[in-house]
Amino acid sequence: MFRHLSVTAFGLCFCVVVLGAFVRLSDAGLGCPDWPGCYGHLDVPLTMEEVSAANEAFPERPVEAGKAWKEMVHRYAAGVLGLLILGMSVLSALRRRGRKLPHVLLGLVIFQAILGMWTVTLLLKPLVVTSHLLGGMTILALLALVNLRERDWMAGWPVPTSNHMPHFAVAALCMVIVQIFLGAWTSTNYAALACVDFPTCHGGLSPDMDFGQGFTLWRGLGVNYEFGVLDGPGRTAIHFTHRVGALLTAIVVGALVVRLLRESGASNRWRRMGVVLLVALLAQIGIGIATVVLHLPLPVATAHNAGAALLLLVIVSINWAVFNSRRIRQ
């Protein structure tokens, strides 16, 4: 039962992460101006009477059914995910030798729900929305670890011949986490199209940028951040930093790919993981470039978020394999 719950929660979590990106990118983050309901309902107001009452209660946010349904579907899916993780935590507690990770996940899900509430009540404050995305990615990565451990995946893999493989694996993981933050900060500050040309930005490699404005994390309460509040130089600084981060991520992850592909011995497992990581990296780079060149089409931008999640999962799996193989050998 625990295994069934864990794999279902993992699959649903991936969908929730991608759905959350879709909601944000389609400007539906305030599709419901209250929380956890929508205009005081558990679903979206449909009848003329319900819509009129909702518009009267929230005159500053008239009902837009399309955006409201996107937001509520995301909330429904997140709610089911929370119940699945609660079940995992209960089953783990009932085990004679229970695991601690499901309890950590339960705590994270509760905090993630609070961040979801603040996302609405604090009017899409970038720091909150960015933290909400990072929380979703963290839960996804931890669910992946739960499934890897439960199925004892990668058990018996040969220890990498390179003594530096753990360092490369951890460096790649840290770099991807930083890049996910930069990508979320770019999105939540509506800076994805601050540079519409590639590889240059505003026709050059040193555009007018304001890093102080772009990376001010807290701007007080009561500000509506929908569609952003920064001027051009601030958004450009964020976008440009995300591009530099992508270059550094490609270098660090690429170094790990080279290490994996150079592994020798009786097993080709490490080299296969290197190929998988290379494909994930190149796909993410390609989608990122397409996002700018095609001027942020919704399917491509959403795929960019999904690609980030997949790249994270591949690197988490590699780290698990590297450190697990060394632990077993010891």
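Refer to the structure printed above.
Parameters and conventions
- Here the residue numbering is sequential within each chain, running from 1 through the sequence in written order.
- With pLDDT at 70 or above as the cut-off, local features in this predicted model cover only qualifying residues; side-chain atom pairs require 80 or more to be listed or tallied, and sums for whole chains, interfaces and linings still use all residues.
- Note: side-chain values were computed over all heavy atoms of the structure, leaving out hydrogens and water.
- Per the convention used, a helix needs a DSSP run of H or I reaching at least four residues, while a strand needs a run of E reaching at least two, with both numbered from the N terminus.
- Note on method: radius of gyration uses C-alpha positions; expected globular size equals 2.2 Å times residues raised to 0.38.
- Buried means the residue's accessible area, taken with a 1.4 Å probe over protein chains only, is under 20% of the maximum for its type, while exposed means over 50%, and partly exposed covers the values in between.
- What sets the accessible areas is the Shrake-Rupley method with a 1.4 Å probe; for residues, cover comes only from the shown protein chains.
- In this tally Asp and Glu are treated as negative and Lys and Arg as positive; neither His nor the chain ends contributes.
- Note on charges: their place is set at NZ of Lys, CZ of Arg, CG of Asp or CD of Glu.
- Put simply, a salt bridge is a Lys or Arg side-chain nitrogen that is within 4 Å of an Asp or Glu carboxyl oxygen.
- Pairing of aromatic side chains requires ring centres within 6.5 Å, counting the rings of Phe and Tyr and the six-membered ring of Trp. Pairs whose planes differ by under 30 degrees are stacked, by over 60 edge-to-face, and all others tilted.
- By the criterion adopted, a ring carries a charge over it if an Arg CZ or a Lys NZ lies within 6 Å of its centre and within 35 degrees of its normal.
- By definition, residues are in contact when any of their heavy atoms lie within 4.5 Å.
- Whenever a nitrogen or oxygen atom comes within 3.5 Å of another N or O atom, the pair is scored as a polar contact, on the condition that within protein one atom can donate a hydrogen and the other can accept it, and that pairs from neighbouring residues in sequence are kept only if both atoms are in side chains.
- Two cysteine sulfurs form a disulfide in these notes if their separation is within 2.5 Å.
- Only C-alpha atoms enter the line fits that serve as axes; for helices the fit covers just the stretch in contact. Angles between N-to-C directions range over 0 to 180 degrees.
- Our angle categories are set so that under 35 degrees counts as roughly parallel, over 145 as roughly antiparallel, 65 to 115 as roughly perpendicular, and the remainder as oblique.
- Take the far helix as the reference: if the near one is turned anticlockwise from it by less than a right angle, the crossing is left-handed, and if turned clockwise, right-handed.
- When residue character is reported, Ala, Val, Leu, Ile, Met, Phe, Trp, Tyr, Cys and Pro are called nonpolar, Asp, Glu, Lys and Arg charged, and the others, Gly included, polar.
- Within the patch definition used here, like charges are joined within 9 Å and nonpolar side chains (Val, Leu, Ile, Met, Phe, Trp, Tyr) within 5 Å, considering only residues with over 30% relative accessible area and no salt bridge.

Peer 1: Tell me about the overall build of the protein chain, residues and numbers included.
Peer 2: For the protein chain, the count of helices and strands is 10 helices and zero strands. Along the protein chain, helices (α) and strands (β) appear in the sequence α-α-α-α-α-α-α-α-α-α when read from the amino end. The C-alpha radius of gyration of the protein chain comes to 22 Å, within 12% of the 20 Å expected for a compact globule of 330 residues. Taking the principal axes of its C-alpha atoms as reference, the protein chain extends roughly 70 × 60 × 30 Å. Expressed as a percentage of its 330 residues, the buried residues of the protein chain come to 45%. Carbon and sulfur atoms make up 68% of the accessible area of the protein chain, which amounts to about 15800 Å² in all. Of the side-chain charges in the protein chain, 25 are positive and 17 negative, and the distance between the mean point of each set is 23 Å.

Peer 1: Describe the pattern of salt bridges, and please don't skip the residues or the numbers.
Peer 2: According to the stated counting rule, one finds four salt bridges in the structure shown. Between Glu 226 and Arg 61 there is a salt bridge, with its nearest N and O atoms 2.9 Å apart. With Glu 226 in the loop between α7 (211-214) and α8 (232-261) and Arg 61 in the loop between α2 (48-57) and α3 (65-94), this pair connects stretches of sequence that are 165 residues apart. The shortest N-O distance in the salt bridge between Arg 75 and Glu 71 comes to 3.0 Å. Pair noted here: Arg 75 and Glu 71 are both in helix α3, with a separation of four residues, about one helical turn. Here Glu 71 falls in the buried class, since its relative accessible area comes to 7%.

Peer 1: Which residues make up the packing of aromatic side chains, and what values do they have?
Peer 2: Scanning all chains against the criterion turns up three aromatic pairs. A centroid spacing of 6.0 Å and a plane angle of 45° characterise the contact between Tyr 190 and Phe 227, whose relative ring orientation is tilted. Note that Tyr 190 is positioned in the loop between α6 (165-188) and α7 and Phe 227 in the loop between α7 and α8, a separation of 37 residues in sequence. For Tyr 190, a relative accessible area of 22% gives the class partly exposed. Owing to a relative accessible area of 45%, Phe 227 belongs among the partly exposed residues under this scheme. If you follow Lys 125 out to its NZ or CZ, it ends over the ring of Trp 218, 4.2 Å from the centre.

Peer 1: Tell me about the environment of Thr 291, and please be specific about residues and values.
Peer 2: By the secondary structure assignment, Thr 291 is in helix α9 (residues 269-293). Spatially, the C-alpha atoms of Thr 291 and His 304 are 7.8 Å apart, while their sequence positions differ by 13 residues. Those residues in contact with Thr 291, other than ones at most four positions away along the chain, are Leu 193, Leu 296, Pro 297, Val 300, Ala 301 and His 304. In this structure the side chain of Thr 291 is engaged in a polar contact, spanning 2.8 Å, whose partner is the backbone oxygen of Ile 287.

Peer 1: Summarise the state of the cysteines; cite the residues concerned and give the values.
Peer 2: Tallied over the entire structure, the rule returns two disulfides. With a sulfur-sulfur separation of 2.1 Å, Cys 32 is cross-linked through a disulfide to Cys 38. Between Cys 32 and Cys 38 the sulfur-sulfur dihedral comes to about -85°; the bridge is accordingly left-handed. Take Cys 32 and Cys 38: they sit in the same class, and that class is buried. Across the disulfide from Cys 195 sits Cys 201; the S-S distance is 1.8 Å. Measuring handedness by torsion sign, the sulfur bridge of Cys 195 and Cys 201 sits at about -55° and is left-handed. The cystine pairing of the protein chain, numbering bonded cysteines in sequence order, is 1-2, 3-4.

Peer 1: Tell me about the packing of helix α5 (residues 126-150) against α6, and name the residues and values.
Peer 2: Following both chains from N to C, one finds α5 and α6 inclined at 140°, their axes separated by 9 Å at the closest point. One finds that α5 runs oblique with respect to α6. As for the relative orientation of α5 and α6, their crossing is right-handed in sense. The segment α5 lies against α6, with Pro 126, Leu 127, Val 129, Thr 130, Leu 133, Leu 134 and Met 137 engaging Ile 180, Phe 181, Ala 184, Trp 185 and Thr 188. Among the residues forming the contact of α5 with α6, the class breakdown is 10 nonpolar, two polar and no charged.

Peer 1: Quick one: what's the story with a nonpolar patch on the surface, residue by residue and with numbers?
Peer 2: Taken together, the side chains of Leu 261, Val 275, Leu 278, Val 279, Leu 282 and Ile 285 present a nonpolar region at the surface, about 480 Å² in accessible area. Residue Leu 278 is classed as partly exposed on the basis of its relative accessible area of 32%.

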